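# Coordinates in review
The residues making up each chain are set out below.
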Amino acid sequence: MRGIVKRFPGVLANDQVDFAAAAGEVHSLLGENGAGKSTLSNILTGLYRPDAGEILLDGRPMQFHSPRDALDARIFMVHQHFRLVETFTVAENVVLGDHRGEGRTFRLRHSAIERRVAELSKRYGLAVDPRAPVWQLSLGEQQRVEILKALYREARILILDEPTAVLTPQEADALFATLREMAAEGRTVVFISHKLHEVKAVADRVTVLRGGRSIATVQAADATPRSLASLMVGRELEGPVVARARAPGDPVLELADVWADGDRGGPALRGASLVVRAGEIVAVAGVAGNGQRELAETVAGMRPATGGTIRIAGRAIRGGDPRAAIAAGVAYVPEDRLGTGVAPSLSIASNLALKGYRDPQASRGPLLRLGRIRERAAELIQRYRIAAPGPSAPARLLSGGNLQKVVLAREFSGKPRLLIAASPTRGLDVGSIETVHAYLRDAAADGVGVLLISEDLDEILTLADRVAVMYEGAIAGETARAEADVEEIGLLMAGGRASHAD
Amino acid sequence: MRIERRLRQPRWLLFAVPAGSLVFAFFASGLVLLATGHDAVSSYRQIVDAAFLNSGAVGQTLTQATPLAFTGLAAAAAFRMRLFNIGAEGQLFMGAIAADAAGLYLGGAGWPTPLVIFAMIVAGCAGGAAWALIPGALRAFFKTNEIITSLMLNYVAAYILTYLVFNTESYWRQTTGFNASVFPTAKTLPDRALWPGAVIHVRGGVALPLGAGLAVLVAILLWFLYTRTRFGFEAQVLGDSPRAARYAGMRTRRKILAVMGISGAVAGLGGASQVGDFSHMLDADPNGLQRQYYGYTGIVVAALARYNPLAVVPVAVLIGALQNAGNTLQGADFPSGLVGVMQGIILFSALGGELLVRYRVRVGRALPAVEAA
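Before going into details, it helps to say that this report is about the structure given with it. Note that the coordinates shown come from a computational prediction; the quantities given were computed from them, not determined experimentally.

### Overview of the interface of chain B and chain A
Contacts between the two partners involve 24 residues from chain B and, on the opposite side, 33 residues from chain A. Broken down by secondary-structure element, the contributors of at least two residues to the side of chain B that touches chain A are strand 1 (2-5), helix 9 (230-240) and helix 10 (242-247) of chain B. Looking at the side of chain B that touches chain A element by element, the count peaks at six residues for helix 9 of chain B. A class-by-class count of the residues in the side of chain B that touches chain A yields 12 nonpolar, four polar and eight charged.

### Quick look at the nonpolar core
Of all hydrophobic cores here, the largest spans 194 residues; its most connected members are Val330(A), Leu418(A), Ile420(A), Leu452(A), Leu73(B) and Val312(B). For this core, the element with the highest residue contribution is helix 3 (residues 57-79) of chain B, accounting for 14 residues. Counting the residues that make up this core, at least three belong to each of domain 2 (238-329 + 416-502) and domain 3 (347-407) of chain A. Val5(A), Leu71(A), Leu158(A) and Leu228(A) belong to the second-largest nonpolar core, a separate cluster that totals 63 residues.

### Here's the deal with the sheet that holds strand 9 (residues 205-210) of chain A
Residues and elements named next belong to chain A. With respect to topology, six strands assemble into an open sheet ordered 6-7-8-3-9-10, the strand pairing being mixed. A single partner strand is all that each edge strand has here, and the edge strands are strand 6 (75-78) and strand 10 (213-219). Looking at each pair of strands side by side, their axes are set apart by 20 degrees on average, direction ignored. In the sheet, strand 9 pairs with strand 10 via six bridges, with the strands oriented antiparallel. The residue of strand 10 that forms the bridge with Arg205 is Gln219. Across the sheet, helix 5 (residues 139-152) is in contact with strand 6 and strand 7 (157-161); its angle to strand 6 comes to roughly 180 degrees.

### Considerations on the sheet that holds strand 16 (residues 330-333) of chain A
Residues and elements named next belong to chain A. Strands sit in the order 16-19-20-13-21-22 across an open sheet of six strands; the sheet is mixed. Of all the strands in the sheet, the pair left with one neighbour each is strand 16 and strand 22 (474-480). The sheet shows a mean angle of 20 degrees between the axes of neighbouring strands, taken without regard to direction. Here strand 13 (residues 281-285) runs beside strand 21 (residues 466-471); their pairing, made up of four bridges, is parallel. Bridging from a neighbouring strand, Val282 pairs with Arg466 of strand 21. Each of strand 16 and strand 19 (418-422) touches helix 14 (residues 400-413); the most contacted strand, strand 16, lies at about 175 degrees to it. Across the sheet, helix 15 (residues 430-445) lies against strand 13, strand 19 and strand 20 (449-453), angled at about 150 degrees from strand 20, the strand it touches most.

### Thoughts on the packing of helix 3 of chain B against helix 13 (residues 309-329) of chain B
Residues and elements named next belong to chain B. In contact at an axis separation of 7 Å, helix 3 and helix 13 are set at 140 degrees when each is read in the N-to-C sense. Comparing their axes, helix 13 and helix 3 come out oblique. The two elements helix 3 and helix 13 cross, and the hand of that crossing is right-handed. Across the interface between the two elements, Gln60, Thr61, Gln64, Ala65, Leu68, Ala69, Gly72, Leu73 and Ala76 from helix 3 touch Pro309, Val312, Val313, Val315, Ala316, Val317, Ile319, Gly320, Ala321, Gln323 and Asn324 from helix 13.

### Section: the environment of Ala443(A)
Residues and elements named next belong to chain A. On the secondary structure map, Ala443 appears in helix 15. With 22 C-beta atoms counted inside 10 Å, the residue Ala443 sits in the buried group. The spatial distance from the C-alpha of Ala443 to the C-alpha of Lys200 is 33 Å, given a sequence separation of 243 residues. Here Ala443 is in contact with Phe412, Leu419, Val448 and Val450, once residues within four sequence places are set aside.

### A short note on unusual backbone geometry
A positive phi angle is found at Asp58(A), which is not glycine, with a value near 55 degrees. Here Asp58(A) is to be found in the loop between strand 4 (52-57) and strand 5 (60-62). Looking at Asp58(A), the number of C-beta atoms within 10 Å reads 8, which means it is exposed. Unusually for a residue other than glycine, Lys143(B) sits at a positive phi of about 55 degrees. Here Lys143(B) is to be found in the loop between helix 5 (113-142) and helix 6 (146-167). Residue Lys143(B) is classed as exposed on the basis of its C-beta count, with 8 C-beta atoms lying within 10 Å.

The rules behind these values
Residues numbered from 1 in each chain as written. Chains lettered and ligands numbered in written order. Predicted model: local features only at pLDDT ≥ 70, side-chain atom pairs only at ≥ 80, totals over all residues. Contact = placed C-beta atoms within 7 Å. Helix = DSSP H or I, 4+ residues; strand = E, 2+ residues; numbered from the N terminus. Nonpolar A, V, L, I, M, F, W, Y, C, P; charged D, E, K, R; others polar. Core = buried A, V, L, I, M, F, W, Y, C linked by C-beta atoms within 7 Å. Buried ≥ 20, exposed ≤ 12 C-beta atoms within 10 Å, placed from the backbone. Domains from an automatic or database assignment. Pairing = 2+ DSSP bridges. Axes fitted to C-alpha atoms, helices over the stretch in contact; angles between N-to-C directions. Parallel < 35°, antiparallel > 145°, perpendicular 65-115°, else oblique. Left-handed = near helix turned anticlockwise from the far one by under 90°.

Structure (structure tokens):
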């Protein structure tokens, strides 16, 4: 790709970007959010047309008029937000949109497709049941389906947009092995990320984007995480701040033998027990789909518990009633920001008042105090440095990081006792991640009990006072951060037994 | 030429685009007229005369516009929360049945007029709300699709309406007198139950029906409810994202029931106005009220008004005027299909105009690349 320029109203997303990837290599595209990585890959996959510049494939200039042209050139992308039809099975999703072979026949021959999918998943170590409907799968499994789609269509170029965001370290390692194998077969893998150690681990070469420009292309072997980070951010980063040990207070959350059903119908929480005290950060680690989401939703009242007791600040709360949980002082930063955390078409001011609109500050009797709500929104936008056109702009216009700040601003300003943060930094750039981490630490310092659910072990180890590992719906083990050992945690996540867990 | 998304939607556009769409629609309909060999200017003059300027024309326009305002408001109230109540038709019938019963009974019992009218209003609202709560409850408790259930109930309501007068000696049916023995007919309301109209002395007197005033009042109340109250806030959130509403601790089921109830009550009030203002009896003829399709046209009115209650009233007057003109002008020298064509073109260009509110069309080539730094 040479001299690619793409502008959107008010933004120059790609400014003379050059990018070249060779067959048989894993080439990483590194950059903060807004650096232009996604735009560049959308151009490569035919979703956008560049305003200037050209795309050369095997030295021949290509004109992509639609994603279909790119697919015909066997360029395939795994988006950060998966493009799957949730009600279809894995095999159906794999043939969807394929206009050669099986996908083209009028009548789908399920068994043949399923056999082929099973074969591919075995060969590349992408374990997934071809007959399972996609909505039943964890995010990690859904990603495997996306990769299977690409393999099924014999992709020559596979682009992955932040693929590890939903994976555990072990799953990520398995993915890296798959990617390396694909590269060894002569395919080109473009790996988009802003996690430095991953880039080091998987890539042959790295191209760094910043502010819509390509800054440098370096050999991964020659680069250090530090050198990459300074290329990416344009300044030196501070090292990770080590959390101070705090004296934890009274328990704010006590879970005793809690059971709850998952979306698939069967129990997803199987007797989870956990205590979070005021002023401490307890992290729940685990492979995606082991009940972490259900745990967060059950405590927040979004999902009824089928057994066990949940106590907030010593008082048992009624399950399955979000309002009761909010009243008891539970703040919840959901994993699915855009779908659950905000009402996307409503204004930022409305979204900041989403939970507080019942308070006397926001309403008098049945009437809303619109002036107050707007003032408060302006205040929060300033205090949390939310980059927004104004309080009345719809929330969906915000970037991921700013959207998360809206959710955090609302949840913190409710003066909670317990804060549940589910993958709070997923998909955010380095700068925003630091901000979110600082907020979580501040909350704990203020005496809020923080339950952090994360699949990012680095994040857990920088933030948490204690680490609890979930496996198959229960807490498999707990360790204090001071004595936490990545190997040990990884073993627990995979269902192994801890040597010194009680 | 390129089409780009607007980052900001200027306020004036929200008025300019519908007005522009309307002008465009008249222009396009004019082309249709010319193509079929009619004089566009004189046809439009005929329409304006028939809708507004002829003696009694405004009254007839209001007769059409008033029920459309009610059904339009009913649709707007529900659609704002993405509850697709398309049962305003049936809810209007049930409101008419209930209000007629109240008027016949209480008017016959000699109650004073204001009380009778008040009781008719309450009965009309209750009848419509009760009918709307059937799909509402099915949706709230069993997650049934309200589009299907509310639509199907329209047919049920229409058959009930016909049945009450044509197939049974019900309370609503006139059973004595010569005419009644020849052809089934409904009882006429006693004088005490007739709704008064304000008369404005322009162009030989224009009668402003009570229902029209009520519709304006309801529009203002609905606008206030949706923009200024906690209830409206919850409905907005629920309409935009049911998951976010649940997350914020809102009572989803209650809200669905309440909004369906309100929507049905407004449609039912339209039925009460139908009886009290205009027909003065239950119009059960399958070729009468049921052929007006007020409930369905109300959905079009609401869509044109972008579900804004305040905009529903003028839109209802516009559509009502067109229908009135279409009814009176049917004849040899006026193309009978024209009004239908115009309504279609207006709807089409209004929906197309939406695109201009959200997107910007830029004519010319792409901007030159920014100079390399």
